[in-house]
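# Structural description and commentary
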Amino acid sequence: MAFCGYRLNGPQALALGLASHCLSSIPKGGWPGLLNTLDEMLVSRPGQSDAEIARFLDAQPSITSQRLPKISGALQAVLLAPTPTEVWERACELKNSSEFKKIDASFQAAIDTLLAGSPISVAVIAEQLARGGRLSRSQAFEWEYHLSLACLREGDFFEGVRSRLITKGSTPQWKFSHPSQIPHATLNSILGTKSGIV
């Protein structure tokens, strides 16, 4: 999903375990009031905050989880590819095959998003998925901060903004047209490998 930009709604995030609660309506006091209440719980009673927050959210009107569209074998082959280059190539193969029209429309849009996006992004996401599970929460946030700055400095962020927002729909001119063209030095610099962040 990270590779192909699939957009999850709240109930789907709940089904995947990416969220613990999904509220069905704006709580009393609005979202600022809810966030202030949660912040007070975290700051004032840090030792008891997890259980207290869970009880508080359990009392809010909520939505049950929602099943995701079925992932076909062809799409699974893309998502489970071992390298960014293979992810890209398998996505191209799927896009040009008869199987493409058989998968859910939301996944079709996701594959289109992947192939229209920056190859650098595909390579960085692949490394995040491969390495992120070994990091503590604080290390993950530190790495995410580094990646954000590095992508601004060396990635295709500004070209993406130019093509989408400034020239409104022009074809982006990415630095590389395929993940296999990205030099190791460029990718390592973005990832922070040499600086010891990961």
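Let me sum up the structure you'll find in this document. (Residues numbered from 1 in each chain as written. Predicted model: local features only at pLDDT ≥ 70, side-chain atom pairs only at ≥ 80, totals over all residues. Heavy atoms only, no water.)

Right, let's talk about the overall build of the chain for a bit. Counting its secondary structure elements, the chain contains ten helices and zero strands. For the chain, the α and β elements follow one another from N to C terminus as α-α-α-α-α-α-α-α-α-α. Across its three principal directions, the C-alpha atoms of the chain cover 50 × 45 × 35 Å. When the 198 residues of the chain are sorted by exposure, 32% land in the buried category. Sequence separation of 24 or more characterises 59% of the internal contacts of the chain that already satisfy a separation of 6 or more. Just so you have it, the chain exposes about 12,400 Å², and 56% of that area is on carbon and sulfur atoms. Looking at charge distribution, the chain has the averaged site of its 19 positive side-chain charges lying 4 Å from that of its 17 negative ones. (Helix = DSSP H or I, 4+ residues; strand = E, 2+ residues; numbered from the N terminus. Buried < 20%, exposed > 50% of the residue type's maximum accessible area, 1.4 Å probe, protein only. Contact = heavy atoms within 4.5 Å. Areas by Shrake-Rupley, 256 points an atom, 1.4 Å probe, with all protein chains shown as cover. Lys, Arg positive; Asp, Glu negative; His and termini not counted. Charge placed at Lys NZ, Arg CZ, Asp CG, Glu CD.)

Under the counting rule described, the total for this entry stands at six salt bridges. As a salt-bridge pair, Arg162 and Glu159 come within 2.5 Å of each other at their nearest N and O atoms. Linking Arg162 with Glu159, this pair stays in helix H9 (residues 157-166), spanning three residues, or about one helical turn. Residue Arg162 is classed as partly exposed on the basis of its relative accessible area of 26%. Judged by relative accessible area, Glu159 falls into the buried class, the value being 16%. (Salt bridge = Lys/Arg side-chain N within 4 Å of Asp/Glu carboxyl O.)

One finds Val78, Val87, Leu94, Ile111 and Leu114 to be the most contacted residues of the largest nonpolar core, which totals 13 residues. For this core, the secondary structure elements donating two or more residues are helix H4 (73-79), helix H5 (84-95) and helix H6 (105-116). Sorting elements by how many residues they give to this core places H5 first, with four residues. If you look at the next biggest cluster of nonpolar residues, it comprises eleven residues, including Ile120, Trp143, Phe176 and Leu187. (Core = buried A, V, L, I, M, F, W, Y, C linked by side-chain atoms within 4.5 Å.)

Once that is clear, we can look at a nonpolar patch on the surface. Together, Tyr145, Leu149, Leu152, Phe157 and Phe158 give the surface a local cluster of nonpolar side chains, amounting to about 540 Å² of exposed area. Among the elements of the structure, helix H8 (137-154) and H9 are those that each provide at least two residues to the nonpolar patch. A total of three residues in the nonpolar patch trace back to one element, the largest contributor, which is H8. Examined against the element boundaries, Phe157 turns out to sit in helix H9. (Patch = residues over 30% accessible without salt bridge, like charges linked within 9 Å, V, L, I, M, F, W, Y side chains within 5 Å.)

Applying the stated criterion across every chain yields a total of one aromatic pair. Their ring planes at 80° and their centres at 5.5 Å tell us that Phe157 and Phe158 sit as a pair that is edge-to-face. For Phe157, a relative accessible area of 45% puts it in the partly exposed group. By relative accessible area, Phe158 is classed as exposed at 55%. (Phe/Tyr/Trp six-rings, centres within 6.5 Å; stacked < 30°, edge-to-face > 60°.)

By themselves, these observations are geometric and do not establish any function.
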